[in-house]
Amino acid sequence: MAERDGAGTGSGKMSLHRCETCSKEEAKYRCPRCMKYSCSLLCVKKHKLALSCNGVRDKTAFVSVNEFTDLNLLSDYRFLEDVGRTADAAARHCTVHSPATKRLLQCLRNKARGCNIELKTLPVGFTKRRENSTTFNSMENKFYWHLKLVFPHCHAEYTLKRVPDDKTLTDILKPYIDPVESDPVVCQRLKIYTASPQSDVQILMKIENRSRNSVRYNELDASRSLLDNLKGKVIIEYPTLFVVLKTLKNDMVVLGKDGSEPVEKSDSESSSISSMEEGEIRDSS
């Protein structure tokens, strides 16, 4: 959530800043995480999409001695308390440290490596580690993935469990954006997608192990299986797929198939984003 700008700084200072998204209006909000100025809820959402920013203040961000205040001290104290509670809870949870759990994780990583996938697991206590339900069926020699679908143009996010690795991305998306096969409620929420031709749908996956100010995405092939699309990729816990429309501006930089940076387009060549639905939904399937 963005903070109201000018709190404790005086209204005079607020007028010195312009919205860093539209560059037209005076700023009213400042993102606690990346400190970008915004003038409205729409511009807040646009900056989050463009920078993959979650709007949550980074409690571990560096603060110089000259800028360090009592509030920073209190924040650090509370952060250390939270870390202590999380570590204590993890230490009490015997199952996460059991040999069976460690063997299971090692098996998943080894099986993924055999499929040319670099699967990385997070330490105990991380949200993605807790919610990950990915398994490997040895008899079928198949992964059943925990999968997250994000639809940025509608601010919608869905979680899928036990998705077989031989299922094509087209089939995975049918219950969500197919005008005939999708659920009526989901169809209404994602109507921007269901009303668009399939050729306009683009499936992207964030490239891991890049710096925060250099976020890039790979485009996936909807006609191929989930396993084929994940080969040669780095996965942290489970895949997250971003479903976008080519005709709508989304500011997500997609690398070429050879890993090269794309050629920058001028403003006249870019399509302006259409009206976006307000609100956010997080459903589980």
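Residues numbered from 1 in each chain as written. Predicted model: local features only at pLDDT ≥ 70, side-chain atom pairs only at ≥ 80, totals over all residues. Heavy atoms only, no water.

## A closer look at the overall build of the chain
Inclusion rule: What counts as a helix is a DSSP run of H or I of at least four residues, what counts as a strand is a run of E of at least two, and both are numbered from the N terminus. Accessible areas in this description were obtained via Shrake-Rupley with a 1.4 Å probe; residue shielding takes into account the shown protein chains only.
The secondary structure content of the chain amounts to nine helices and 12 strands. Counting every atom, the chain has about 17,500 Å² of accessible surface; 53% of that belongs to carbon and sulfur.

## Let's talk about the packing of aromatic side chains
Filter applied, for reference: Here is the rule: rings of Phe, Tyr and Trp (six-membered ring for Trp) pair when centre to centre is within 6.5 Å. Planes less than 30 degrees apart are stacked, more than 60 are edge-to-face, and the remainder are tilted. Accessibility here uses a 1.4 Å probe with only protein chains present; expressed as a share of the type maximum, an area under 20% marks a residue as buried, one over 50% as exposed, and anything in between as partly exposed. A ring is considered to have a charge above it if a Lys NZ or an Arg CZ atom is located within 6 Å of its centre and within 35 degrees of its normal.
Across all of its chains, the model carries seven aromatic pairs by this definition. With centroids separated by 5.9 Å and ring planes inclined at 75°, the aromatic side chains of F151 and Y158 adopt a geometry described as edge-to-face. As far as the burial class goes, F151 and Y158 line up, both buried. Centroid distance Y217 to F242: 5.5 Å. Interplanar angle 80°. Geometry classified as edge-to-face. Here the residue Y217 occupies a position in strand β9 (residues 217–220), and F242 occupies one in strand β11 (residues 240–245), the gap between them amounting to 25 residues. Clustering of aromatic rings is evident, with ring pairs tying together F151, Y158, Y176 and Y193. The ring of Y238 has K128 sitting right over it, with the charged end atom 4.7 Å from the ring centre.

## Focus on the side chain of E237
Cut-off, in case you're wondering: Here a polar contact is taken to be a pair of N or O atoms separated by no more than 3.5 Å, where protein atoms must pair a possible hydrogen donor with a possible acceptor and residues adjacent in sequence count only if both atoms sit in side chains. The contact definition used throughout considers only heavy atoms, calling two residues in contact when any of these lie within 4.5 Å.
Here E237 shows up in the loop between β10 (234–236) and β11. Of note is the side chain of E237, whose polar atom sits 2.6 Å from the backbone nitrogen of L122. Here the side chain of E237 touches N132 through a polar contact of 2.8 Å, side chain to side chain. Those residues within four positions of E237 in sequence are excluded, and the remaining contacts are L119, K120, T121, L122, K128, R129, N132, T134 and W145.

## Focus on the nonpolar core
Definition in use: What is meant by a nonpolar core is a set of buried Ala, Val, Leu, Ile, Met, Phe, Trp, Tyr and Cys residues, joined one to another through side-chain atoms within 4.5 Å.
Grouped together as the largest cluster of nonpolar side chains are 37 residues, with contacts concentrated most on L149, F151, Y176 and L190. Taken together, the elements giving at least two residues each to this core come down to α4 (99–114), β6 (142–151), β7 (156–164), α6 (169–177), α8 (191–194), β8 (201–206), α9 (226–230) and β11. In contact with F151, not counting residues within four places along its chain, are A156, Y158, L173, Y176, I177, L190, Y193 and V243.

## Examining the side chain of S182
Within the secondary structure, S182 sits in the loop between α6 and α7 (184–189). Taking relative accessible area as the criterion, S182 reaches 9% and is therefore assigned buried. In terms of polar contacts, S182 uses its side chain to reach the backbone carbonyl oxygen of D178, at 2.6 Å.

## Points about the pairing of β6
Short version of the rule: Pairing between two strands requires that DSSP report at least two bridges joining them.
For β6, a buried count of 10 out of 10 residues is recorded, marking the element as mostly surrounded by other parts of the structure. Residues K142, Y144, H146, K148 and V150 line one face of β6 and the alternating positions F143, W145, L147, L149 and F151 line the opposite face, and both faces are buried. Pairing of strand β5 (residues 135–137) with β6, which is carried by three bridges, proceeds in the antiparallel orientation. Residue pairing for β6: F136 is matched across the bridge by F143.

## What to know about the pattern of salt bridges
A side chain of one charge can pair with a side chain of the opposite charge if their charged atoms are brought near each other. Defined as follows: We define a salt bridge as a side-chain nitrogen of Lys or Arg found within 4 Å of a carboxyl oxygen belonging to Asp or Glu.
Within this structure, the stated rule accounts for 11 salt bridges. In this structure, D166 and K142 form a salt bridge, with 3.2 Å as the shortest nitrogen-oxygen distance. In this pair, D166 is assigned in the loop between β7 and α6 and K142 in strand β6, connecting sequence segments 24 residues apart. When its relative accessible area of 47% is taken as the criterion, D166 is described as partly exposed. Put simply, D228 and R224 hold a salt bridge, and the shortest N to O gap is 4.0 Å. Of the residues examined, R224 reaches a relative accessible area of 43% and is grouped as partly exposed.

## What about the confidence of the model for the chain?
Should pLDDT be low for a region, the predicted coordinates there are not to be read in detail. Rule in force here: Scored from 0 to 100, pLDDT reflects the predictor's confidence in each residue.
On average, the chain scores 79 in pLDDT, and the residues at 70 or more come to 80%. Put simply, strand β12 (residues 281–284) is where the chain has its lowest mean pLDDT, 40, and α9 is where it has its highest, 94. Low pLDDT, under 50, characterises residues 6–14; the stretch is placed with three contacts to residues that sit more than four places away or in other chains. Low pLDDT (under 50) marks residues 266–285, which in the prediction has 40 contacts with non-local residues, meaning those over four places away or in another chain.

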